[in-house]
Amino acid sequence: IFAMIIFCNAENIKAYGSNPVIVNMIYLLNPQSLIGFNYKPYKEDLEFIDKSIHNLPVIGGFMNGTQTNLETLIKLKPQVVFTSGNGAIRDFEKKI
C-alpha cells in the first residue's frame, strides 16, 4: 500500500490495477492516474465516480475467469501496474 500511495500521488502517473480492490484504491488516491477499469462499472456506480473517467476502457483483470487485454494495456502505456498474488497474476507478470 505504501508504494501505491507514492506512485499514485505522483503527477501524471498512469496506473493499472488488476482487480476491483486495487482499481478502487488507485481511484481513491488519484482518479486521474487510472488508465482503465478491469470491469465495466455498473450504472448505479457511475454517480459516485468522477465523470472524467466514466469512459475509460475496460482492460480486464483477474477475477471470475476474466483476462487482461494485454494489447489494450500495452497501448495505454501504464507506468506502474499493481497486482495481488495468485497463479494467473504470476503468468501475467511474466508476459509484461
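The structure under discussion appears in the preceding block.
The rules behind each value
- Residues numbered from 1 in each chain as written.
- Predicted model: local features only at pLDDT ≥ 70, side-chain atom pairs only at ≥ 80, totals over all residues.
- Heavy atoms only, no water.
- Helix = DSSP H or I, 4+ residues; strand = E, 2+ residues; numbered from the N terminus.
- Buried < 20%, exposed > 50% of the residue type's maximum accessible area, 1.4 Å probe, protein only.
- Contact = heavy atoms within 4.5 Å.
- Core = buried A, V, L, I, M, F, W, Y, C linked by side-chain atoms within 4.5 Å.
- Polar contact = N/O pair within 3.5 Å; in protein donor to acceptor, adjacent residues only side chain to side chain.
- Arc of directions from axis to C-beta.

Let's talk about the overall build of the chain
Helix and strand content of the chain: 5 helices and 2 strands. Reading the chain from its N terminus to its C terminus gives the helix and strand order α-β-α-α-α-β-α. Looking at the chain residue by residue over its 96 residues, the buried ones come to 34%. The contacts of the chain with a sequence gap of at least 6 include a subset with a gap of at least 24, amounting to 42%.

Topic: the nonpolar core
Judged by nonpolar contacts, I13, A15, I22, V23, I26, Y27, L34, F37, I49, I53, V80 and F82 together constitute the single largest core of 12 residues. Mapped onto this core, the elements with two or more residues apiece are α2 (20–29) and β2 (80–82). In terms of residue count, the dominant contributor to this core is α2 (4 residues).

Quick word on the side chain of T68
With respect to the secondary-structure elements, T68 resides in the loop between α3 (43–46) and α4 (70–76). In this structure the side chain of T68 is engaged in a polar contact, spanning 3.0 Å, whose partner is the side chain of Y16.

Focus on the environment of E11
For E11, the position within the fold is in the loop between α1 (2–8) and β1 (15–17). The class of E11 is exposed, set by a relative accessible area of 74%. For the pair formed by E11 and S33, sequence separation is 22 residues and the distance between their alpha carbons is 8.3 Å.

A word on the environment of N24
Secondary-structure assignment places N24 in helix α2. When the C-alpha positions of N24 and L34 are compared, they lie 9.5 Å apart, and in sequence the two are 10 residues distant.

Details of α2
Residues of α2 that are buried include every one of I22, V23, I26 and Y27, and no others. Within α2, the buried residues cover an arc of 140 degrees as seen down the axis, which keeps them to one side. Those residues of α2 that are exposed and angled more than 90 degrees off the buried face are V21 and L28. The N-terminus of α2 is capped by N19, whose side-chain oxygen sits 3.1 Å from the backbone nitrogen of V21.

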